[in-house]
2 protein chains.
Amino acid sequence: MTQHSPQIKKGRKYDQVVTGARSVFLREGYEGASVDAISRAAGVSKATLYSYFPDKKLLFLEVATSECLRQAELARIQATSGQSVRATLLDVAQRVTAFTLSAFGQQVFRICVAESDRFPELGRAFYQSGPDRARAHLTEYLAEAVARGELAIDDCRLAADQFFELCRADLFYRLLFNVKDSVTEAEVTRVIDAAVDTFLARYRAPV
Amino acid sequence: MTQHSPQIKKGRKYDQVVTGARSVFLREGYEGASVDAISRAAGVSKATLYSYFPDKKLLFLEVATSECLRQAELARIQATSGQSVRATLLDVAQRVTAFTLSAFGQQVFRICVAESDRFPELGRAFYQSGPDRARAHLTEYLAEAVARGELAIDDCRLAADQFFELCRADLFYRLLFNVKDSVTEAEVTRVIDAAVDTFLARYRAPV
DNA sequence: CGCAAAGTGAACCGGGCGGTTTAGAGTGGT
DNA sequence: ACCACTCTAAACCGCCCGGTTCACTTTGCG
């Protein structure tokens, strides 16, 4: 889980710092998270923190981009070789909504939206490592299904975008704007079933 | 345009204050907007500003909720009596994307997302006066079309949500995350045409 | 052990913030 | 002319923030 890999990271408390920073940033946002609070949460002195990261901005970027990469992993489509198109789409929908609607995914999204003009590269990083990658995977899968004659799509990229949008329905926004604070399993399956139905109604290959 | 209506608003520079606050809040966000900057932008002394609004939070809420109401007006569906379903949907799509994708709509959304846990009531206000109202209108229209036998929908509310999601496609997120800074007319029509096509493929009444 | 590297904690700095005060300058009704 | 009211400009307050410094302790390795 911990990453010992990269070259120039010095001491032993690096992961502590990043973990603490992640929790505080996710809870408070960028401006709301004071460096003192972060060092406290990390169980590390402020001096130590600053020995790893020259300033708050860099620390935030490290946390944010690592979260983006983590998100990207979840978006990966399994080798769903044997499955039907419908089953595969349902699987993808489940995976992406699970992350999107989780409290954690919410906060990542929230912060990326909020800070993406203070940190323009953050918005792009999030988009590229998250939605963009997920879309690329699904697009590829759709193209293969088209080649097999199972789907009839002229623009697979657009179709993939449509599918992800359909999976959100309004559940996403209801959570995002604090209209409700959680979402039931039944609501999710209702939405993603409808998403798959609508998608296939448009793109299923004619008999 | 200016609102003389409510009861307890004292002096003549009220609108100046609100207008200046709006521009700065939209540009900088809540934390980023200093009261000094706002008073400067409003062409008003800080003392005057504080004579209208007891603190920064109240000023922000005034600006934000007034923007939400303004947004709600735009979401209203015209009396589209004579039109075909397809034409009406295209019209709705055009209207909603025009606001959603505008720089102004972007910023309103951004701020509401960012501040909706610091100001929980703000998120709800935005959702209710914006997306919720738009969905209600479209739901009503869809139900009428079903009654006329032009559409076949079992859950009009969910269908309306799906339609709005389809209209966004990924254009919205590409703007939100600074992947691109503007969007061409052609891209929009391509997306909303596809949205209407997909929607009708699922919900058009069988012959 | 001995010693250097890493970590600690608390004090400290400059600055910007939200918010208040004050002394005085426009403004308008009678 | 007068006065009550509004507005202005700038100084000011206390606070918290990001970041630095320093004297000190802990850790780990030969």
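Note: the structure precedes this text.
As a starting point, this report considers the structure included with it. (Residues numbered from 1 in each chain as written. Chains lettered and ligands numbered in written order. Predicted model: local features only at pLDDT ≥ 70, side-chain atom pairs only at ≥ 80, totals over all residues. Heavy atoms only, no water.)

Description of the relation of the copies chain A and chain B
Thinking step 1. With an RMSD of 0.2 Å, the operation that places chain A on chain B is a rotation of 180° combined with a shift of 0.1 Å along the axis. Such a combination of turn and shift is consistent with a two-fold rotation axis.
Thinking step 2. When the interface residues of chain A are mapped onto chain B, 100% of them are again interface residues, pointing to one common binding face. (Least-squares fit on C-alpha atoms with pLDDT ≥ 70 in both. Contact = heavy atoms within 4.5 Å.)

A look at the protein's contact with DNA strand D
Thinking step 1. Around DNA strand D, the surrounding shell holds 18 residues, and the nearest of these are A:Val35, A:Lys46, A:Lys56, B:Thr48 and B:Tyr52.
Thinking step 2. Taken together, the sugar and phosphate atoms account for 68% of what DNA strand D places within 4 Å of the protein.
Thinking step 3. One of the side-chain N or O atoms of A:Lys46 is found 2.7 Å from a base oxygen in DNA strand D.
Thinking step 4. Contact between DNA strand D and B:Arg12: a phosphate oxygen at 3.4 Å from a main-chain N or O atom of the residue.
Thinking step 5. Elements with a contribution of two residues or more to the surface near DNA strand D: α3 (46-52) of chain A together with α3 (46-52) of chain B.
Thinking step 6. Classifying every residue of the surface near DNA strand D gives seven nonpolar, five polar and six charged. (Near = heavy atom within 4 Å. Polar contact = N/O pair within 3.5 Å; in protein donor to acceptor, adjacent residues only side chain to side chain. Helix = DSSP H or I, 4+ residues; strand = E, 2+ residues; numbered from the N terminus. Nonpolar A, V, L, I, M, F, W, Y, C, P; charged D, E, K, R; others polar.)

Notes on the interface of chain A and chain B
Thinking step 1. Tallying the contact residues gives 43 residues for chain A and 44 residues for chain B.
Thinking step 2. Here chain A packs against chain B, burying approximately 3,900 Å² in sum over the two surfaces, 59% of which is carbon and sulfur.
Thinking step 3. A salt bridge links A:Asp170 to B:Arg135, with the shortest nitrogen-to-oxygen separation between them at 3.1 Å.
Thinking step 4. Of all the secondary-structure elements, those providing two or more residues to the side of chain A that touches chain B are α1 (14-32), α6 (103-115), α7 (120-147), α8 (156-168), α9 (171-176) and α10 (185-203) of chain A.
Thinking step 5. Per-element accounting of the side of chain A that touches chain B gives the leading share, nine residues, to α10(A). (Buried area = accessible area lost by both parts, 1.4 Å probe. Salt bridge = Lys/Arg side-chain N within 4 Å of Asp/Glu carboxyl O.)

So, the environment of A:Val44
Residue and element names in this part refer to chain A.
Thinking step 1. Among the structural elements, Val44 can be located in the loop between α2 (35-42) and α3.
Thinking step 2. When its relative accessible area of 10% is taken as the criterion, Val44 is described as buried.
Thinking step 3. Residues Val44 and Ala201, 157 residues apart in the sequence, show an inter-C-alpha distance of 56 Å.
Thinking step 4. Discounting residues that sit within four places of it in the chain, Val44 has contacts with Lys13, Gln16, Val17, Ser39 and Leu49. (Buried < 20%, exposed > 50% of the residue type's maximum accessible area, 1.4 Å probe, protein only.)

With respect to the side chain of A:Ser39
Residues and elements named next belong to chain A.
Thinking step 1. Structurally, the position occupied by Ser39 is in helix α2.
Thinking step 2. With relative accessibility at 8%, the residue Ser39 sits in the buried group.
Thinking step 3. Leaving out residues up to four positions away in the same chain, Ser39 has contacts with Val44, Ser45, Lys46 and Leu49.

Concerning the protein's contact with DNA strand C
Thinking step 1. As a matter of local geometry, DNA strand C sits amid 17 residues, with A:Thr48, A:Tyr52, B:Val35, B:Lys46 and B:Lys56 nearest to it.
Thinking step 2. When atoms of DNA strand C within 4 Å of the protein are sorted by moiety, sugar and phosphate together comprise 65%.
Thinking step 3. Separating a phosphate oxygen of DNA strand C from a side-chain N or O atom of A:Thr48 is a distance of 2.7 Å.
Thinking step 4. When residues of the surface near DNA strand C are traced back to their parent elements, those giving at least two are α3 of chain A together with α3 of chain B.
Thinking step 5. Taken together, the residues that form the surface near DNA strand C break down as seven nonpolar, five polar and five charged.

What to know about the nonpolar core
Thinking step 1. In this structure, A:Leu142, A:Phe199, B:Leu142 and B:Phe199 are the most contacted members of the largest nonpolar core, which totals 134 residues.
Thinking step 2. Ignoring anything within four residues of it in the chain, the contact list for A:Leu142 reads A:Leu151, A:Ile153, A:Cys156, A:Ala159, A:Ala160 and A:Phe199. (Core = buried A, V, L, I, M, F, W, Y, C linked by side-chain atoms within 4.5 Å.)

Let's talk about the side chain of A:Glu165
Thinking step 1. Within the element layout of this structure, A:Glu165 appears in helix α8.
Thinking step 2. Assessed through its relative accessible area of 2%, A:Glu165 is described here as buried.
Thinking step 3. If near-sequence neighbours (up to four positions away) are discounted, A:Glu165 is found in contact with B:Glu165, B:Arg168, B:Ala169, B:Asp170 and B:Tyr173.

Points about the packing of aromatic side chains
Thinking step 1. If you walk through the whole model with that rule in mind, you get 34 aromatic pairs over all chains.
Thinking step 2. A network of ring pairs unites the aromatic residues A:Phe109, A:Phe126, A:Phe172, A:Tyr173, A:Phe177, B:Phe109, B:Phe126, B:Phe172, B:Tyr173 and B:Phe177 as a single cluster.
Thinking step 3. The positively charged end of A:Arg168 is found above the aromatic ring belonging to A:Phe172, 5.5 Å away from the centroid. (Phe/Tyr/Trp six-rings, centres within 6.5 Å; stacked < 30°, edge-to-face > 60°. Lys NZ or Arg CZ within 6 Å of the ring centre and 35° of its normal.)

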